[in-house]
Amino acid sequence: MNEIRKLATETPRPNNFDAFWMGFTNNRAYKAGPRLVAAAEGVHYYTPEGREVLDGTAGLWCVNAGHGRPEIANAIKRQADKMDFAPTFVVGHPIAFEAAARLAEITPSGLDRIFWTNSGSESADTALKIALAYQKAIGQSQRVRLVGRERAYHGVGFGGMSVGGIGPNRKQFGAMLPYVDHLPHTHAPEHNGFCRGQPAWGAHLADQLESLVALHGDTIAAVMVEPMAGSTGVLVPPQGYLQRLRELCTKHGILLIFDEVITGFSRLGSPFAAERLGVAPDLLTMAKGLTNAAVPMGAVACRDSVYRAIVEGAPAGIELFHGYTYSGHPLACAAALASMDVHRADDLPGRVRALEDYWADGAHSLKGLPNVADIRNLGLVAGIELTPRPGKPSDRGMKVFNRCFDDGLLTRVTGDIIALSPPLIVEKSHVDRIFGTLAEAIRAEAA
Ligand SMILES: Cc1ncc(COP(=O)(O)O)c(C=O)c1O
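Residues numbered from 1 in each chain as written. Predicted model: local features only at pLDDT ≥ 70, side-chain atom pairs only at ≥ 80, totals over all residues.

Section: the nonpolar core
Then comes step 1: Counting 126 residues, the largest nonpolar core has Ala131, Val223 and Ala335 as its most contacted members.
Then comes step 2: Among the elements that take part in this core, helix H14 (residues 330–345) stands out by supplying ten residues, more than any other.
Then comes step 3: In this structure, this core is formed jointly by two domains, domain 1 (3–65 + 347–444) and domain 2 (71–345), each of which donates at least three residues.
Then comes step 4: Leaving out residues up to four positions away in the same chain, Val223 has contacts with Val147, Leu209, Leu245, Cys249, Ile254, Leu256 and Ile257. (Core = buried A, V, L, I, M, F, W, Y, C linked by C-beta atoms within 7 Å. Buried ≥ 20, exposed ≤ 12 C-beta atoms within 10 Å, placed from the backbone. Helix = DSSP H or I, 4+ residues; strand = E, 2+ residues; numbered from the N terminus. Domains from an automatic or database assignment. Contact = placed C-beta atoms within 7 Å.)

Okay, structure coming up:
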């Protein structure tokens with residue numbers, strides 16, 4: 001038995017599943033038959049029973065460089081031994097500056113001012129606040145409106161949730177932020193179904209921003225979109241869509257924010273999707289792959305002009321009333337630096353580009369299986385949309401997920417859509433196993 005599997009089997013099963021209230025989980029169903037993983041290495045998890053589970057989702061779109069990277073673990077340990085924590089309000093510490101400077105080297109050109117956060121949700125809310133502060137700083141204080149897109153996920157803070165466009169994530173929580181509007185989503189399988197990469201149909205949907213400008217005048221501060229929506233089922237941007245959005249934002253004095261929490265850190269074959277898709281935003285949010293998820297961390301990369309308008313335009317004193325106790329946490333910075341080293345040393349963007357055709361072939365080989373309604377892919381991401389069981393939305397998706405897990409594959413399920421986003425170190429044999437296992441599960445849930 002290999003060492004990591006042994007560690008997993010030596011992990012005692014919890015004897016109390018009640019205390020931990022799990023997020024975004026059907027707690028009753030989960031706790032009726034808990035599925036656990038206890039150790040991880042490379043592209044695999046190991047269960048307490050010693051079963052190997054291929055990680056088809058990089059944890060939760062985050063362990064891009066693969067599990068258990070010693071370079072990252074050692075960097076965290078070294079930093080913990082030297083200085084466990086120091087704040088970044090008023091007092092600074094070297095590694096927070098070093099990590100920001102290194103990150104600024106790989107963010108799209110001009111987006112080289114880094115605000116540290118601890119998660120994708122915090123990054124979303126931070127970016128929205130910076131956008132509002134910027135508009136005020138340049139004398140546009142009437143610009144208080146925020147525009148998102150239907151079927152977008154920007155985390156769970158009130159800003160990201162309000163600007164996000166997922167009904168079920170909002171309906172329990174009251175009134176949301178005021179002054180928010182939404183663009184239509186680009187999901188239209190009747191026009192762009194079973195498309196490899198970016199669909200040709202749909203760029204015109206960005207023009208809806210003109211209608212929102214006509215409606216709201218010069219009160220819009222920012223538009224926030226995921227360049228490729230992940231959590232709502234892998235919605236790949238139509239060709240020209242983001243370019244159009246960029247042009248319209250520039251034309252109307254609106255900041256464009258890209259939420260790259262999923263698409264950042266090599267997932268689409270370049271450090272950020274902005275490069276791969278050829279569109280530069282004004283603010284770019286990230287988290288997840290930034291530290292390979294080894295320590296929670298997020299960031300907002302800001303255009304220099306945004307930073308300068310707020311910081312240089314402010315009266316004496318604090319320029320931006322925002323920040324988190326753990327912004328620039330030393331252990332997270334150590335993990336981020338080591339993780340960026342790994343991305344470069346392993347040429348993870350290059351690996352994605354080399355493998356993405358094979359990956360797309362694997363994904364689209366599922367076409368024709370029972371209930372496969374659509375397949376979408378970009379970089380090392382794929383979304384397989386299944387027809388829901390009549391009157392039982394999510395049932396087929398969840399059962400396919402469970403079967404895959406029991407057959408040794410971790411996927412991500414959103415309703416009846418299976419999303420795949422493996423660690424970027426996967427080999428062709430893993431790709432074969434991912435789509436082979438998924439195909440079996442889809443067949444088994446045909447009825
Ligand atoms: C695009 C996007 N934004 C924000 C978030 C929220 O990130 P977190 O869960 O780290 O708060 C996610 C999480 O999946 C995401 O996919």
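Comments concerning the sheet that holds strand S4 (residues 113–117)
Within a sheet, neighbouring strands are paired by backbone hydrogen bonds and run either parallel or antiparallel to one another.
Then comes step 1: In spatial order, the strands read S4-S10-S9-S8-S7-S5-S6; together these seven strands make up an open sheet with mixed pairing. Each edge of the sheet is formed by a strand with only one pairing partner; in this case those strands are S4 and strand S6 (180–183). Strand after strand, the sheet turns through a mean of 20° between neighbouring axes, direction not considered. (Pairing = 2+ DSSP bridges. Axes fitted to C-alpha atoms, helices over the stretch in contact; angles between N-to-C directions.)

Points about the packing of helix H5 (residues 94–106) against H14
Then comes step 1: Here H5 crosses H14 at 35°, and the two axes come no closer than 9 Å. Crossing geometry of H5 relative to H14 is assigned as left-handed. Judged by residue contacts, Ile95, Ala96, Glu98, Ala99, Arg102, Leu103 and Ile106 of H5 engage Pro330, Cys333, Ala334, Ala336, Leu337 and Met340 from H14.
Then comes step 2: Each residue belonging to the contact of H5 with H14 can be placed in one class, and the counts come to eleven nonpolar, no polar and two charged. (Left-handed = near helix turned anticlockwise from the far one by under 90°. Nonpolar A, V, L, I, M, F, W, Y, C, P; charged D, E, K, R; others polar.)

Focus: the domain arrangement of the chain
You'll often see interface size given as the accessible area lost when the parts meet.
Then comes step 1: Domain boundaries in the chain define domain 1 (3–65 + 347–444) and domain 2 (71–345).
Then comes step 2: On a C-alpha basis, the centroid separation for the pair domain 1 and domain 2 is 26 Å.
Then comes step 3: Taken residue by residue, the interface counts 31 residues in domain 1 and 29 residues in domain 2.
Then comes step 4: At the level of secondary structure, the elements contributing two or more residues to the side of domain 1 that touches domain 2 comprise helix H3 (58–61), helix H15 (348–364), strand S11 (372–378), strand S12 (381–386) and strand S15 (417–420).
Then comes step 5: Looking at the side of domain 1 that touches domain 2, the element that brings in the most residues is H15, giving seven residues.
Then comes step 6: Broken down by class, the residue content of the side of domain 1 that touches domain 2 amounts to 17 nonpolar, eight polar and six charged.

Considerations on the pairing of S4
Then comes step 1: For S4, the tally of buried residues reaches five of five residues, placing the bulk of the element in the interior.
Then comes step 2: Both faces of S4 are covered, namely the face carrying Arg113, Phe115 and Thr117 and the face carrying Ile114 and Trp116.
Then comes step 3: Sheet topology places S4 next to strand S10 (residues 298–302); five bridges connect them, and they run antiparallel. Each residue of the ladder has a partner; that of Thr117, found in S10, is Gly298.

Focus on the packing of helix H16 (residues 395–406) against helix H17 (residues 428–444)
When two helices pack together, you describe them by how their axes are tilted relative to each other and by the distance separating the axes.
Then comes step 1: Interaxial distance between H16 and H17 falls to 9 Å at its minimum, and their mutual angle equals 135°. As far as their axial angle goes, H17 and H16 are oblique. Here H16 and H17 pass one another in a crossing that is right-handed. The residues of H17 that touch H16, namely those facing Val400, Arg403 and Cys404, are Thr437, Leu438, Ala441, Ile442 and Ala444.
Then comes step 2: Taken together, the residues that form the contact of H16 with H17 break down as six nonpolar, one polar and one charged. (Parallel < 35°, antiparallel > 145°, perpendicular 65-115°, else oblique.)

Here's the deal with the pairing of strand S9 (residues 283–286)
Then comes step 1: Here S9 shows no split at all, with Leu283 and Thr285 on one side and Leu284 and Met286 on the other all buried.
Then comes step 2: Inspection of the sheet shows strand S8 (residues 255–259) paired to S9 by three bridges, in the parallel sense. Residue pairing for S9: Ile257 is matched across the bridge by Leu283.
Then comes step 3: The pairing of S9 with S10 spans four bridges and is classified as antiparallel. Each bridged residue has a counterpart across the sheet, and for Leu283 the counterpart in S10 is Cys302.

Section: the site of the ligand
Then comes step 1: Surrounding the ligand, one finds 14 residues, the nearest of these being Ser119, Gly120, Ser121, Gly155 and Val261.
Then comes step 2: Here the element with the most residues in the shell around the ligand is helix H6 (residues 120–137); it accounts for three residues.
Then comes step 3: A breakdown of the residues in the shell around the ligand according to their chemical character gives five nonpolar, seven polar and two charged. (Near = placed C-beta within 6 Å.)

So, the sheet that holds strand S13 (residues 409–410)
Then comes step 1: Taken in spatial order, the four strands of this open sheet run S1-S2-S3-S13, and their pairing is mixed. Two strands bound the open sheet, and with one partner strand each, they are strand S1 (39–41) and S13.
Then comes step 2: Both S1 and strand S2 (residues 44–46) contribute to a ladder of three bridges, which runs antiparallel. Directly across from Glu41, in S2, lies its bridge partner His44.

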